[in-house]
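Given next are the chains, with one letter for each unit.
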Protein chains: 2
Amino acid sequence: MSYSLSDFGSYRAGGRLVEVSGEPCREIAFTASTRYPYDPNGAFPVESAYVQYFVPSRRRDRPPVVLLHGGGMTGAMWETTPDGRPGWLHLLLDRGLEVHVVDNVERGRAGWKPGLWPGEPILRSLQEAWRLFRFGRPEDFAARRAFPNQQFPVARLEDFGRGFVPRWTSSGPAQVAAFEAVLRRLGRATVICHSQGGEAAFEAAARAPEAVERLIALEPSGFAERPELLAGVPVVLARGDYLDCDATWRGLTARWRDFAAALRGAGGSVAELDLADGSPGVSHMAMMDRGSADHLDRLPGL
Amino acid sequence: MSYSLSDFGSYRAGGRLVEVSGEPCREIAFTASTRYPYDPNGAFPVESAYVQYFVPSRRRDRPPVVLLHGGGMTGAMWETTPDGRPGWLHLLLDRGLEVHVVDNVERGRAGWKPGLWPGEPILRSLQEAWRLFRFGRPEDFAARRAFPNQQFPVARLEDFGRGFVPRWTSSGPAQVAAFEAVLRRLGRATVICHSQGGEAAFEAAARAPEAVERLIALEPSGFAERPELLAGVPVVLARGDYLDCDATWRGLTARWRDFAAALRGAGGSVAELDLADGSPGVSHMAMMDRGSADHLDRLPGL
């Protein structure tokens, strides 16, 4: 696959300036060989999103696609898969679509400020990913014995885990605001969000529905508080396989059904898409599955 | 500018697996609406570098260039400048060079593990950047009155600051190891490093000198402990303007001179390049200066 781009680069969207004063200075080992008086006071730009964009030379007359990662992940999850295949970023570019890849607030290149958000950041273990992303039963982690038909490349589990980053569970409102800023900057975009990214994407879309061509949510962990604000936004709820494996997923499945009903009740349009229908073994990381290109083909409007 | 790429994507290099056990589980607010039992135990891949690479279709027969950011920065510093011009990443691709952009350990998409490194992470304020990157006198920060001839786009200081990320001052050895892994994976590369990135780059190059075509260091804050290991690596020490503005920079200037002498004494080759010679106003962020394209033209071997 080759890529002809008329432009690519990055920008920041959203955020605010925090002013710190009255804190004591302290001397730190600044580098291996120099000491330095560190002053924690001053002005700090915080809570912006980092966005890396790619514009194909043969760009179809379609709104850009914006990709929003899930919890404990960054925009890198849409690039090269853990087993080295092109990611959805590449496949979307190949279709002539302009793509904007977000590192939302506190993730990856967006940066974070120590002490800014309440609570402690948490980092996902391989065991948690194994269970929560439905690769296999917890007791089969050690042997890396995956669920039957599993499409996720479990042999590359550790490579996948090198992409995990810590997350705060209290930065949600800042993530919504930054993602809203991304949408407003783009004016009109198709959103593809994953898992915890759904929380920011739905809420931001509810605040700027005119900026959203379509909202495609892969197994979102949350929604907008007021579904009626999304009545004008075509929504796709896509899901994978093994959703009866534990209470977490049974609970989320029920919430997707309830939210779809609420959206329809508010006059909205929602398509529920079972990616495992005809393609068993779709994991929570559909964009990394062996069938990832086929999964993308199933998504409407791209 | 347009870009024809035969490939692009990302990979991880280096790192190790940390096993945590015996820590208590705790229930956390996992998302805005779901609680979740977080288990801090398990296996965590840590201390790898994230590398995003771009291969131009019309690739010259030259080793790839690997770009290593400075302290409190990520690989994004080589992309679009704060005032929206193409970065060195773009300019190098335009020359037909393959480019690998590193987020080293604990920065950006490389991720970090809470509690893994001793000490507290520090985040740079705009005031510190103003002073330390030699944009102007500290007392002129409020008015944004820059040094005469200043080439850094100080009107975009806040946009620049949105790219700052926290850093630990104790992660140096891990950064050396990860960057060495990047070099060994590439086999042979031209390294361009900046500021604190110089510490990791010189030390990694000393461990894998056969993998380094040339080491171009922009105002590095540190060097290899054993310069004699770099005797076979052509080194360029590039510097900007205003280096007599404070003791930090006077000290570093003296260290560059001393290291160059030590390298020469060990039989090495080192070129000292004053970017401000003929182009006054070069800041610490030469790759973002208004004259950034000219500065790049001054670097040999690219």
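Reading the values: the criteria
Residues numbered from 1 in each chain as written. Chains lettered and ligands numbered in written order. Predicted model: local features only at pLDDT ≥ 70, side-chain atom pairs only at ≥ 80, totals over all residues. Heavy atoms only, no water. Helix = DSSP H or I, 4+ residues; strand = E, 2+ residues; numbered from the N terminus. Rg over C-alpha atoms; globule rule 2.2 N^0.38 Å. Buried < 20%, exposed > 50% of the residue type's maximum accessible area, 1.4 Å probe, protein only. Contact = heavy atoms within 4.5 Å. Areas by Shrake-Rupley, 256 points an atom, 1.4 Å probe, with all protein chains shown as cover. Lys, Arg positive; Asp, Glu negative; His and termini not counted. Charge placed at Lys NZ, Arg CZ, Asp CG, Glu CD. Least-squares fit on C-alpha atoms with pLDDT ≥ 70 in both. Buried area = accessible area lost by both parts, 1.4 Å probe. Salt bridge = Lys/Arg side-chain N within 4 Å of Asp/Glu carboxyl O. Polar contact = N/O pair within 3.5 Å; in protein donor to acceptor, adjacent residues only side chain to side chain. Nonpolar A, V, L, I, M, F, W, Y, C, P; charged D, E, K, R; others polar. Pairing = 2+ DSSP bridges. Phe/Tyr/Trp six-rings, centres within 6.5 Å; stacked < 30°, edge-to-face > 60°. Lys NZ or Arg CZ within 6 Å of the ring centre and 35° of its normal. Axes fitted to C-alpha atoms, helices over the stretch in contact; angles between N-to-C directions. Parallel < 35°, antiparallel > 145°, perpendicular 65-115°, else oblique. Left-handed = near helix turned anticlockwise from the far one by under 90°.

A word on the overall build of chain A
- On a plain count of helices and strands, chain A comes out with seven helices and 12 strands.
- Over its C-alpha trace chain A gives a radius of gyration of 20 Å, about what one expects of a compact globule, namely 19 Å for 302 residues.
- For chain A, the C-alpha atoms occupy an extent of roughly 60 × 50 × 40 Å along the three principal directions.
- For chain A, the proportion of its 302 residues judged to be buried stands at 63%.
- Sequence separation of at least 24 residues holds for 72% of the intrachain contacts in chain A that already meet a minimum separation of 6.
- Accessible surface for chain A amounts to roughly 10,600 Å². Of this, 48% is attributable to carbon and sulfur atoms.
- A gap of 1 Å separates the mean positions of the 35 positive and 37 negative side-chain charges of chain A.

Considering the relation of the copies chain B and chain A
- The operation relating chain B to chain A is a screw motion whose rotation component is 180 degrees, with 0.0 Å of axial translation and a residual RMSD of 0.0 Å. Taken together, the rotation and translation relating the two chain copies correspond to the operation of a two-fold axis.
- Most of the interface of chain B is mirrored in chain A: 100% of its interface residues are interface residues there too.

Observations regarding the interface of chain B and chain A
- Across the contact, 74 residues belong to chain B and 74 residues belong to chain A.
- Summed over both partners, the interface of chain B with chain A comes to about 6,200 Å²; 54% of that surface belongs to carbon and sulfur atoms.
- Run the count over chain B and chain A and you get four salt bridges.
- In this structure, B:E79 and A:R109 form a salt bridge, with 3.3 Å as the shortest nitrogen-oxygen distance.
- Across the chain B-chain A interface, the total number found is 27 residue pairs in polar contact (both at pLDDT 80 or more).
- Top element by residues in the side of chain B that touches chain A is strand 1 (residues 3-13) of chain B. It accounts for 10 residues.
- When grouped by side-chain class, the residues that make up the side of chain B that touches chain A number 33 nonpolar, 25 polar and 16 charged.
- As defined by bridge partners, strand 1 (residues 3-13) of chain A adjoins strand 1 of chain B across three bridges and the pair is classed as antiparallel. Its bridge partner being in strand 1 of chain B, A:Y3 is matched across the sheet by B:L5.

Considerations on the side chain of B:E47
Residue and element names in this part refer to chain B.
- With respect to the element layout, E47 can be found in the loop between strand 5 (42-46) and strand 6 (49-56).
- Here R16 takes part through its side chain, which lies 2.8 Å from a polar atom of the side chain of E47.
- For E47, the contacting residues outside a window of four places in its chain are G14, G15, R16, V105, L116, W117, A174 and A178.

Looking at the packing of aromatic side chains
- Tallying each qualifying case throughout the model produces 43 aromatic pairs over all chains.
- Aromatic pair A:F133 and A:F135: ring centres 6.0 Å apart, planes at 75 degrees, arrangement edge-to-face.
- Among the aromatic residues, those joined into a ring-pair cluster are A:W130, A:F133, A:F135, A:F141, A:F152, A:F160 and A:F164.
- Above the ring of B:F141, the side-chain terminus of B:R144 is found at 4.2 Å from the ring centroid.

Brief notes about the packing of helix 4 (residues 172-186) of chain B against helix 5 (residues 197-207) of chain B
Residue and element names in this part refer to chain B.
- Running from N to C, helix 4 and helix 5 point in directions that differ by 55 degrees, and their axes come no closer than 8 Å. With respect to each other, helix 4 and helix 5 are oriented oblique. Of the two elements, helix 4 crosses helix 5, and the hand of that crossing is right-handed. Facing Q175, V176, A177, F179, E180, L183 and R184 of helix 4, the residues of helix 5 in contact are E199, A200, A201, E203, A204, A205 and R207.

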